[in-house]
Amino acid sequence: MAMAIRCFRHLPSLLYRSSFAVTRGLPQAPAGCPALPLDGCRQCVHQMLLTRQLATKKAKGKGQTQARVNISAALVEDIINLEETSEDMQAVVEALKEDFSRNLGVRTSPGALDHIIVVTKDGKFPLNQLGQISQKSPQLLIVNMTNFPESTAAATKAIRESGMNLNPEVDGTIIRVPIPKVTREHRESLAKLAKQSTNKSKEALRKVRSKSINQVKKFKNKVSEDTIWLLEKQIQQMADSAAAEMDKLLAAKTKELLG
């Protein structure tokens with residue numbers, strides 16, 4: 001096992017030394033520690049001790065403290081790739097941003113129809129792969145289904161059920177999509193969709209968190225319980241941060257839609 005994991009085995013006894021002992025200097029690396037030439041074990045312990053310092057503040061009304069950890073990704077790379085976990089969580093946030101921008105604007109544009117999913121007998125496809133979407137006027141979008149005429153009915157159904165308050169009209173292989181007036185009811189409908197999209201994104205975020213925590217738990221017999229606890233807390237902090245960013249996006253979009 002890599003250096004970081006070997007060093008972590010000695011953490012339980014070291015992490016619980018008194019603060020006085022810490023200030024007097026860290027213990028020497030145990031015999032056989034592969035990090036001995038660089039005094040690496042002491043460095044690992046020092047890093048973990050630093051991350052256990054509490055950036056505390058009173059929890060409102062409860063008199064409790066909120067611990068925050070910040071583990072160096074390099075120290076635990078043999079257990080889990082924290083950078084990859086962070087990227088996966090941020091990807092969920094970015095997808096929500098894209099959804100808000102593309103599909104939940106007050107004004108409907110041709111691009112808003114691109115990724116409406118059409119269910120056909122051959123599978124599921126984005127609308128822009130089946131039809132040519134254009135804007136004939138500020139109040140009318142056109143979807144030309146000439147290349148896939150057999151999917152016209154399915155495309156019409158997908159547009160109508162997209163949640164965008166659209167009522168398409170079919171003329172042969174041409175689908176006309178009148179753009180609705182921007183009414184208060186329409187704005188409220190979009191705000192409701194924004195809330196639904198945020199909830200779906202949070203569910204996706206929870207899946208990323210659970211996957212990462214399960215990865216960490218695979219090492220429960222190889223590293224200390226304290227190490228597992230720290231990693232789980234770090235992952236939860238990352239998820240909480242991403243969820244908070246989603247809440248800010250939702251609040252901004254709701255304000256944009258409803259004023």
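In this text, all values refer to a predicted model and were calculated from it rather than measured experimentally.

The subject of this paragraph is the overall build of the protein chain. Scanning the protein chain for helices and strands turns up 9 helices and 6 strands. Counting over 259 residues, the protein chain shows a buried share of 38%. Considering only intrachain contacts with a sequence separation of at least 6, the fraction spanning at least 24 residues in the protein chain is 62%. Accessible area for the protein chain stands at about 15,300 Å²; split by element, carbon and sulfur atoms hold 50% of it.

A cluster of like negative charges, contributed by Glu 83, Glu 84, Glu 87 and Asp 88, occupies part of the molecular surface. The topology assignment puts Asp 88 in helix 5 (residues 82-103).

Relative to the assigned elements, Thr 146 resides in the loop between strand 4 (140-144) and helix 7 (152-160). Looking at Thr 146, the relative accessible area reads 47%, which means it is partly exposed. Sequence spacing of Thr 146 and Gly 172 is 26 residues, and the spatial spacing of their C-alpha atoms is 9.0 Å.

Evaluated as defined, the whole model comprises 8 salt bridges. With its nearest N and O atoms 2.9 Å apart, the salt bridge here joins Glu 203 to Arg 206. Of the two residues, Glu 203 and Arg 206 both sit in helix 8 (residues 184-217), 3 residues apart, roughly one turn of that helix. Exposure remark for Arg 206: the relative accessible area of 38% places this residue in the partly exposed category. Here Lys 253 makes a salt bridge to Glu 256, at a shortest N to O gap of 3.2 Å. Separated by 3 residues within a single helix, Lys 253 and Glu 256 lie in helix 9 (residues 225-258), roughly one turn from each other. We classify Lys 253 as buried; its relative accessible area is 7%.

With that out of the way, let us pick up the side chain of Asp 114. As for its placement among the helices and strands, Asp 114 is situated in the loop between helix 5 and strand 1 (117-120). Overall, Asp 114 belongs to the buried group, its relative accessible area being 18%. Residues contacting Asp 114, with those up to four places away along its chain left out, are Arg 102, Pro 126, Leu 127, Asn 128 and Ile 133.

Moving on, we get to the sheet that holds strand 6 (residues 174-178). Read across the open sheet, the 4 strands follow the order 3-4-6-5; overall the sheet is antiparallel. Of all strands in the sheet, those with a lone pairing partner are strand 3 (132-137) and strand 5 (169-171), marking the two edges. For this sheet, the mean inter-axis angle between neighbouring strands, taken without regard to orientation, is 25°. Across 3 bridges, the pairing between strand 5 and strand 6 is antiparallel. Within strand 6, the residue paired with Val 170 across the bridge is Ile 175. Most of the contacts of helix 7 go to strand 6, to which it runs at about 10°, and overall it touches strand 4, strand 5 and strand 6.

Relative to the elements of secondary structure, Ala 191 occurs in helix 8. The spacing of Ala 191 and Lys 255 is 64 residues in sequence and 8.9 Å in space, taken between C-alpha atoms. In this structure, Ala 191 is in contact with Leu 257 and Leu 258, ignoring residues within four places of it in sequence.

Attention shifts here to the pairing of strand 6. Residues Ile 175 and Val 177 of strand 6 are buried on one face, while the alternating residues Ile 174, Arg 176 and Pro 178, pointing to the opposite face, are not. The pairing of strand 4 with strand 6 spans 5 bridges and is antiparallel. Paired with Leu 141 across the two strands is Val 177, which belongs to strand 6. As consecutive antiparallel partners, strand 5 and strand 6 are separated by 2 residues, and within that stretch Gly 172 has a phi angle of approximately 70°, a positive value.

All buried positions along helix 7 are accounted for by Thr 152, Ala 155, Thr 156, Ala 158 and Ile 159. Buried residues along helix 7 cover an arc of 165° about the axis, so they all sit on one side. Looking at the buried positions of helix 7, the neighbouring elements they touch are strand 1, helix 6 (127-130), strand 4, strand 5 and strand 6.

Moving on: the packing of helix 5 against helix 9. How two helices sit against one another is set out by the angle between their axes and by the gap between those axes. Between helix 5 and helix 9, the least distance of the axes is 10 Å, while the angle of their chain directions is 10°. Classified by the interaxial angle, the pair formed by helix 5 and helix 9 is roughly parallel. Handedness of the crossing formed by helix 5 with helix 9: right-handed. Across from Leu 82, Thr 85, Ser 86, Met 89, Gln 90, Val 92, Val 93, Leu 96, Lys 97 and Phe 100 in helix 5, the residues of helix 9 making contact are Leu 231, Gln 234, Ile 235, Met 238, Ala 239, Ala 242, Glu 245, Met 246, Leu 249, Leu 250 and Lys 253.

Conventions we followed
- Residues numbered from 1 in each chain as written.
- Predicted model: local features only at pLDDT ≥ 70, side-chain atom pairs only at ≥ 80, totals over all residues.
- Heavy atoms only, no water.
- Helix = DSSP H or I, 4+ residues; strand = E, 2+ residues; numbered from the N terminus.
- Buried < 20%, exposed > 50% of the residue type's maximum accessible area, 1.4 Å probe, protein only.
- Contact = heavy atoms within 4.5 Å.
- Areas by Shrake-Rupley, 256 points an atom, 1.4 Å probe, with all protein chains shown as cover.
- Patch = residues over 30% accessible without salt bridge, like charges linked within 9 Å, V, L, I, M, F, W, Y side chains within 5 Å.
- Salt bridge = Lys/Arg side-chain N within 4 Å of Asp/Glu carboxyl O.
- Lys, Arg positive; Asp, Glu negative; His and termini not counted.
- Charge placed at Lys NZ, Arg CZ, Asp CG, Glu CD.
- Pairing = 2+ DSSP bridges.
- Axes fitted to C-alpha atoms, helices over the stretch in contact; angles between N-to-C directions.
- Arc of directions from axis to C-beta.
- Parallel < 35°, antiparallel > 145°, perpendicular 65-115°, else oblique.
- Left-handed = near helix turned anticlockwise from the far one by under 90°.

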